[in-house]
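Listed here are the chains, written in short residue letters.
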Amino acid sequence: HVDPESMCRFLFNALNAQPDLLMKCTPESIGDCLVRAASRGLEISDGMLGDCYLVPFKDQATLIVSYKGLKKLVRNTGQGLVVMDHVREGDSFTDNGPLQPVGHVKSKDADRHTKPVVAAYATMQFRNGLCVTKVMTIGELLAHRNQYVQARNYKDASKPWNEGNVAFPRMCEKTCVRQLASTGDLP
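Read on for an overview of the structure. (Residues numbered from 1 in each chain as written. Predicted model: local features only at pLDDT ≥ 70, side-chain atom pairs only at ≥ 80, totals over all residues. Heavy atoms only, no water.)

Focus on the nonpolar core
Part 1: Residues Met7, Ile44, Leu54, Met124, Trp161 and Cys172 are the most contacted members of the largest nonpolar core, which totals 42 residues.
Part 2: The contact partners of Leu54, leaving out residues within four places of it in the chain, are Leu11, Ala14, Gln18, Leu22, Cys33, Ile44, Thr62 and Leu63.
Part 3: The next biggest cluster of nonpolar side chains, apart from the first, holds five residues, and it includes Val87, Val102, Ala119 and Val135. (Core = buried A, V, L, I, M, F, W, Y, C linked by side-chain atoms within 4.5 Å. Buried < 20%, exposed > 50% of the residue type's maximum accessible area, 1.4 Å probe, protein only. Contact = heavy atoms within 4.5 Å.)

Have a look at this one:
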């Protein structure tokens, strides 16, 4: 799905972004990540905007598919779209269950973006009208973060899982998409 020149460019960009870390990984693990990304039509990113990332764990490169990559994979099936969002304090929100879309109306408050996130959700809307939804409360999202985030330094405001970081709502949305994918409900 991706031409060899593009994959080489993605690899060089990723290596330039993380030279100390990725140079410690085995060439086999990096090659495996490249093949898996290319076979899925995913672009490896050197920053925060890509379909997937090469992340070193000890001497092994690991392919991590981003929420954008998951959405792209679903979109490429032609079976529907994934919609995700976060709910802030003051929004009108109704969780209608796992087989219905949520009811979400964002608050019109000018300072809405400063209000705390209280939940997040992801909905797979199939072309035939069916849908599956995953809603997580802030308590569930923080418990997930506390259990699974490898770097426990999320108290640092510069880290995306820190509740004060501008990326925190997207981390919550990403978690819902990943949870929905792990149920087997996404094509």
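There is more to say, and it comes next.
Some details on the sheet that holds strand 3 (residues 80-88)
Part 1: Ordered in space as 3-6-7, the three strands form an open sheet in which the pairing is antiparallel. Unpaired on one side and paired on the other, strand 3 and strand 7 (131-137) mark the two borders of the sheet. If you compare each strand with its neighbour and ignore which way they point, the axes differ by 10° on average.
Part 2: Helix-sheet contacts for helix 4 (residues 67-77) involve strand 3 and strand 6 (117-126), and the interaxial angle to strand 3 is about 145°.
Part 3: Across the face of the sheet, helix 5 (residues 138-148) comes into contact with strand 6 and strand 7 while running at roughly 80° to strand 7. (Pairing = 2+ DSSP bridges. Helix = DSSP H or I, 4+ residues; strand = E, 2+ residues; numbered from the N terminus. Axes fitted to C-alpha atoms, helices over the stretch in contact; angles between N-to-C directions.)

Considerations on helix 5
Part 1: Buried residues of helix 5: Leu141, Leu142, His144 and Arg145, and no others. Viewed along the axis of helix 5, the buried residues span an arc of 155°, placing them on a single side of the element. (Arc of directions from axis to C-beta.)

Here we look at the side chain of Lys72
Part 1: Mapped onto the fold, Lys72 is located in helix 4.
Part 2: A relative accessible area of 18% places Lys72 in the buried class.

Some words on helix 6 (residues 168-182)
Part 1: Over its 15 residues, helix 6 runs 21 Å from end to end, which matches the ideal 21 Å to within 8%, given 1.5 Å per residue.
Part 2: Along helix 6, the residues that are buried comprise Phe168, Pro169, Met171, Cys172, Glu173, Lys174, Thr175, Cys176, Val177 and Leu180.
Part 3: Those residues of helix 6 that are buried are in contact with helix 4, strand 3, strand 6, strand 7 and helix 5.
Part 4: At the exit of helix 6 stands Gly184, carrying a positive phi of roughly 85°. (Expected span 1.5 Å × (residues − 1).)

Section: the pairing of strand 7
Part 1: Taking burial as the measure, the seven residues of strand 7 include five buried ones, the bulk of the element.
Part 2: Bridge count between strand 6 and strand 7: seven bridges; the pairing is antiparallel. Across the sheet, the residue bridging to Ala122 is Lys134, located in strand 7.

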